[in-house]
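# What the coordinates show
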Amino acid sequence: MESDKIEIILEKYFQGESTIAEENELKNYFSSPNVAQHLEQYKPLFGYFSQVKEQRLTQEIPLQTKKRNVAWLSIAASAVLLLGIGSYFYLNNTNNTTPVVAKSELGTYDSPEEALAATQKALAMVSHNVNTGIESVQYIKEYEQSKNLIFKQNKIR
């Protein structure tokens, strides 16, 4: 009768549904000398728990603390901070000085003929880009027509 009860508790144990009291009952049963023959295979499992419970660590673990030199760390952080601030101001000043020179040279021509030539050149570039865009629109129109033709045929079916 007791082995039937132990088998039920073992089943619950392996399913993860046993209580702590039932697990203690299993440990006590398997540590006793009168274990049923067909349950002998579980004896090492529960015997291991009682054996490990009695083990003690006798070796002393040396604790080595690493002492960091805070002064060097603060000096390095300051150097990185100064380097970052310096590079920010350097890059910011070089970007601001270049456009000022370019703005003063924009749109100034000595003779009206040079201004006319430059204007014609700019308008030719704009015209070329507009013509390229118009050609692209022609492709889109052809795509739309073929798409409408295909979808009309699908609606009829």
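First, a word on what this report is: a plain description of the structure on this page. Every chain is numbered on its own, with residues counted from 1 as its sequence reads. Per-residue local features of the predicted model are confined to residues with pLDDT of at least 70, and side-chain atom pairs are confined, for both listing and counting, to 80 or more; whole-chain, interface and lining totals are unaffected and use all residues. Only hydrogens and water are set aside when side-chain values are computed; all heavy atoms of the structure are taken into account.

### Description of the overall build of the chain
This is how it is decided: Secondary structure elements follow DSSP: runs of H or I no shorter than four residues count as helices, runs of E no shorter than two count as strands, and numbering proceeds from the N terminus. Partly exposed describes any residue whose relative accessible area lies between the buried limit of under 20% and the exposed limit of over 50%, with all areas from a 1.4 Å probe on protein chains only and scaled to the type maximum. Residue contacts are counted whenever heavy atoms from the two residues lie within 4.5 Å of one another.
Of the regular secondary structure elements, the chain holds five helices and zero strands. When the helices and strands of the chain are listed from N to C terminus, the series reads α-α-α-α-α. In the chain, buried positions account for 10% of the 157 residues. Look at the contacts in the chain between residues 6 or more apart in sequence, and 37% of them connect residues 24 or more apart.

### Topic: helix 2 (residues 20–31)
In plain terms, the rule: Multiplying one less than the number of residues by 1.5 Å gives the expected span of a helix. Directions drawn from the helix axis to the C-beta atoms are what define this arc.
Along its 12 residues, helix 2 runs 16 Å from first to last C-alpha, staying within 8% of the 16 Å computed at 1.5 Å per residue. For helix 2, every residue scored as buried is listed here: Glu22, Leu26, Tyr29 and Phe30. The arc that holds every buried residue of helix 2, seen down its axis, measures 90°, which confines them to one face. Counted as exposed and oriented over 90 degrees from the buried face of helix 2: Ile20, Ala21, Asn28 and Ser31.

### Side note on the packing of aromatic side chains
The following threshold applies: Within 6.5 Å between ring centres, the rings of Phe, Tyr and Trp (the latter by its six-membered ring) count as paired, and their orientation is classed by plane angle as stacked under 30 degrees, edge-to-face over 60, tilted in between.
Applying the stated rule across the entire model yields five aromatic pairs. An angle of 70° between the planes, with centres 5.5 Å apart, marks the rings of Tyr13 and Phe14 as edge-to-face. Here the aromatic rings of Tyr88 and Phe89 are separated by 5.5 Å at their centres, their planes lie at 65°, and the arrangement is edge-to-face. Look at Tyr88 and you get exposed, because its relative accessible area is 52%. Classification of Phe89 as partly exposed rests on a relative accessible area of 47%. Counting every residue linked through ring pairs, the aromatic cluster contains Tyr13, Phe14, Tyr29, Phe30 and Tyr42.

### A few points about the nonpolar core
Quick note on the threshold: What makes a nonpolar core is a set of buried Ala, Val, Leu, Ile, Met, Phe, Trp, Tyr and Cys residues whose side-chain atoms join them at distances within 4.5 Å.
One finds Ile6, Ile9, Leu10, Leu26, Tyr29, Phe30, Val35, Ala36, Leu39 and Phe46 forming the largest nonpolar core, which totals 10 residues. The set of elements that each furnish at least two residues to this core consists of helix 1 (2–15) and helix 2. Not counting residues within four places of it along the chain, the set of residues in contact with Ala36 comprises Ser3 and Tyr29.

### A word on the packing of helix 1 against helix 2
The cut-off we apply is this: Each axis is a line fitted through C-alpha atoms, and for a helix only the stretch in contact is used; angles between axes span 0 to 180 degrees, taken between their N-to-C directions. Under this scheme an angle from 65 to 115 degrees is roughly perpendicular, one under 35 degrees roughly parallel, and one over 145 degrees roughly antiparallel; angles in between are oblique. What makes a crossing left-handed is the near helix being turned counterclockwise from the far one by less than a right angle; a clockwise turn instead makes it right-handed. Each residue is assigned to one class: nonpolar for Ala, Val, Leu, Ile, Met, Phe, Trp, Tyr, Cys and Pro, charged for Asp, Glu, Lys and Arg, and polar for all the others, Gly among them.
Contact geometry for helix 1 and helix 2: axes closest at 10 Å, N-to-C directions at 125°. One finds that helix 1 runs oblique with respect to helix 2. Note on packing geometry: the crossing formed by helix 1 with helix 2 is left-handed. Along the contact surface, helix 1 presents Glu2, Lys5, Ile6, Ile9, Leu10, Lys12 and Tyr13, while helix 2 presents Glu22, Glu23, Glu25, Leu26, Tyr29 and Phe30. In terms of residue class, the contact of helix 1 with helix 2 is built from seven nonpolar, no polar and six charged.

### Examining the pattern of salt bridges
Going by this rule: Salt bridges are defined by distance alone: a side-chain nitrogen of Lys or Arg within 4 Å of a carboxyl oxygen of Asp or Glu.
Under the counting rule described, the total for this entry stands at three salt bridges. Here Lys5 ties to Glu25 by a salt bridge, and the two come within 3.2 Å at their closest N and O atoms. Of this pair, Lys5 sits in helix 1 while Glu25 sits in helix 2; the two residues are 20 residues apart in sequence, bridging distant segments of the chain. Close ionic contact of Glu144 with Lys147 constitutes a salt bridge, the shortest N to O distance being 3.6 Å. Of the two residues, Glu144 and Lys147 both sit in helix 5 (residues 112–156), three residues apart, roughly one turn of that helix. By relative accessible area, which is 35% here, Glu144 ends up partly exposed.

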